[in-house]
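Listed here are the chains, written in short residue letters.
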Amino acid sequence: MGSLTIYIVFLVLLFGISGAKYEPNWESIDSRPLPDWYDQAKFGIFIHWGVFSVPSFGSEWFWWYWQKQKLQSYVEFMQKNYPPNFKYQDFAPYFTAEFFDAKEWTDLFVSSGAKYIVLTTKHHEGFTLWGSKNSWNWNAVDVGPKRDLVDEVVNSIRADSDLRLGLYHSLFEWFNPLFQLDAANVYTTNFFPTTKTLPELYELIMKYKPEVLWSDGDGDAPDQYWNSTGFLAWLYNDSPVRDTVVTNDRWGYGSICTHGGYYTCTDRYQPGHLLKHKWENCMTIDKKSWGYRRNAPLSDYLTIEQLVATLVETVSCGGNLLMNVGPTHDGRIVPIFEERLRQMGQWLKVNGDAIYNTTAWRSQNDSLTPNIWYTFKPQEKSIFAVLLEWPTKGSVILSEPVVTQGQTQVSLLGHGSLQWQPVKPSGLQVILPQLSFSQMPCQWAWTLRLMGAS
């Protein structure tokens, strides 16, 4: 065997074993196809939990608003309720999680109809919910519950459900001295990412093997500072989750809505039209906070009608919905969140065919009748029209589908076949059944399935 042949065989073995494919630059990283499971899943649950759950006042940005921006409401809250020398770190021992039961959480998430979850392993405060080797005495194993909360969630998700596991991780930390040093050096030094951020990311992947890695918090530092493309090349080429993992777009200043896996663009992103790139609407049931707030009035929580409408619009426009709950410091998911999650599950049991494994149709919403959104299931050649309001006149006009008498069939999910007639210049009028409240297949939005239409 010639030396050239031996060299070629060596390269084949090397790259075959390592799976090396993606290079540490955005052009290569962005060329990776998104694993199919993510687009099929459509709906996930976000969980914001940390030391900020102890004061549970205002926002999960409590530390920043209190100590950095010194917002009056936060300063007054601390002055009224805590001693003058009380520090944010003093909240940590009260992050107790004594009522936390990972299986209870898992069962609730399954009942919601979600297909994946994303747990905050570390928010911008820097406190890790696992025993991070790089977060000494500022983690849930050393302080507070003295438990590896990430591990408990991971084990339950995998033992008690078919949910996909996602982990959130903040790149930066507000008050970490190493990050502040790098920022003062205009990110020409990289003490913080090399000793804190990147070791944590590698540890999370190797230890817990998540299928979603939800990055956040670039601190206005560029992706070169975070070595994001280098890490992602390893993640896609050589990590134990290289074939199934999905990531978002928050990998450094300027990367959001431009680079990475799926796009998040902004919190609560809802473009209202079809995008060329897969995207996710991360939003929260509490309109004003991601973390739990003791001071939240009922009016600050989205209603189930609003949540269903958000899911339907998001999926119609090609996105996934990641809906957030904020547990309490002692590990409870409070009844208002539980109710919303179970209501979503009730709706999806009837209408899930219009959500899971669907794609965007040629029209996202009806141009004639308001509050109607479309999805499409090409493998069944089914068009779904979701009505956010039940018509008062006993029928509804769908102007977008092209129908053929004797061929097109219409049904109401959870009920059965319906009569229809063509209308001019295009579309059809669907005759809705006269149902009592108890006979309705669901309470909040209703789905028509069209077969034999285009």
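Here the structure is shown first, and the text comes after it.
Description of the structure in this document.

Reading guide: rules and limits
Residues numbered from 1 in each chain as written. Predicted model: local features only at pLDDT ≥ 70, side-chain atom pairs only at ≥ 80, totals over all residues. Heavy atoms only, no water. Helix = DSSP H or I, 4+ residues; strand = E, 2+ residues; numbered from the N terminus. Rg over C-alpha atoms; globule rule 2.2 N^0.38 Å. Buried < 20%, exposed > 50% of the residue type's maximum accessible area, 1.4 Å probe, protein only. Contact = heavy atoms within 4.5 Å. Areas by Shrake-Rupley, 256 points an atom, 1.4 Å probe, with all protein chains shown as cover. Lys, Arg positive; Asp, Glu negative; His and termini not counted. Charge placed at Lys NZ, Arg CZ, Asp CG, Glu CD. Arc of directions from axis to C-beta. Polar contact = N/O pair within 3.5 Å; in protein donor to acceptor, adjacent residues only side chain to side chain. Pairing = 2+ DSSP bridges. Axes fitted to C-alpha atoms, helices over the stretch in contact; angles between N-to-C directions. Core = buried A, V, L, I, M, F, W, Y, C linked by side-chain atoms within 4.5 Å.

Let us look at the overall build of the chain. Of regular secondary structure, the chain possesses 13 helices and 15 strands. Taking 454 residues into account, the globule formula puts the C-alpha radius of gyration at 22 Å, and the chain, at 25 Å, falls close to it. Projected onto the principal axes, the alpha-carbon positions of the chain cover approximately 80 × 70 × 40 Å. Considering the chain as a whole, with its 454 residues, one finds that 57% of them fall into the buried category. Looking at the chain alone, contacts between residues at least 24 apart form 70% of all its contacts between residues at least 6 apart. Accessible area of the chain: about 19,900 Å², with a carbon and sulfur share of 53%. For the chain, the distance from the average position of its 37 positive side-chain charges to the average position of its 45 negative side-chain charges is 3 Å.

The subject of this paragraph is helix α6 (residues 102-111). Among all positions of α6, only Ala-102, Trp-105, Thr-106, Leu-108 and Phe-109 are buried. For α6, the buried positions fall inside an angular range of 165 degrees around the axis, keeping them on one side. Where α6 begins, the side chain of Asp-101 points an oxygen toward the backbone nitrogen of Lys-103, at a separation of 3.0 Å. After α6 finishes, the residue Gly-113 shows a positive phi value of roughly 85 degrees.

With that settled, consider the sheet that holds strand β15 (residues 446-451). Ordered in space as β8-β9-β15-β11-β12, the five strands form an open sheet in which the pairing is antiparallel. Whereas interior strands pair on both sides, the edge strands pair on one side only; in this sheet they are β8 (372-377) and β12 (416-418). Looking at each pair of strands side by side, their axes are set apart by 30 degrees on average, direction ignored. Sheet topology note: the β8/strand β9 (residues 382-387) ladder contains six bridges and is antiparallel. Looking at the pairing, Ile-372 lines up with Leu-387 of β9. This element, helix α12 (residues 304-316), spans β8 and β9 of the sheet and lies at about 50 degrees to β8.

What follows deals with the sheet that holds strand β7 (residues 319-325). Spatially, the seven strands line up as an open sheet ordered β5-β4-β3-β2-β1-β7-β6, and their pairing is parallel. Since the sheet does not close on itself, it has two edges, and those belong to β5 (246-247) and β6 (279-284), each with one partner. Bridge analysis of β6 against β7 gives six bridges, and the strand direction is parallel. Across the sheet, residue Cys-282 finds its bridge partner in β7, namely Leu-322. The strands touched by helix α9 (residues 191-208) within the sheet are β2 (116-122), β3 (164-170) and β4 (212-216), with β3 carrying the most contacts at an inclination of about 170 degrees. In the packing of α12 onto the sheet, the strands contacted are β1 (43-47), β6 and β7, and the crossing angle to β7 comes to about 150 degrees.

Attention now goes to the nonpolar core. Generally speaking, a soluble globular protein has its nonpolar side chains buried in company with each other. Among the nonpolar cores identified, the biggest contains 129 residues, and Ile-45, Phe-231, Leu-235, Trp-347, Leu-398, Val-430 and Leu-448 are the most heavily contacted of them. With sequence-adjacent residues up to four places away left out, Phe-231 is seen in contact with Leu-198, Leu-201, Tyr-202, Ile-205, Leu-213 and Trp-251. Within the second largest apolar cluster, 14 residues are counted, among which are Tyr-38, Phe-46, Cys-282 and Trp-290.

Let us look at the side chain of Thr-121. Examined against the element boundaries, Thr-121 turns out to sit in strand β2. Classification of Thr-121 as buried rests on a relative accessible area of 0%. With sequence-adjacent residues up to four places away left out, Thr-121 is seen in contact with Phe-127, Thr-128, Leu-129, Trp-130, Val-150, Leu-167, Tyr-168, His-169 and Leu-204.

Quick look at unusual backbone geometry now. Residues other than glycine predominantly adopt negative phi, and peptide bonds predominantly adopt the trans conformation. Following Lys-424, the chain continues to Pro-425 via a peptide bond in cis, the omega torsion being 5 degrees. Of note, Pro-425 is situated in the loop between β13 (420-422) and β14 (428-431). Even without being glycine, Lys-209 reaches a positive phi, approximately 50 degrees. Following the sequence through the fold, Lys-209 ends up in the loop between α9 and β4. For Lys-209, a relative accessible area of 38% gives the class partly exposed.

In short, the description is geometric, and any link to function would need to be established separately.
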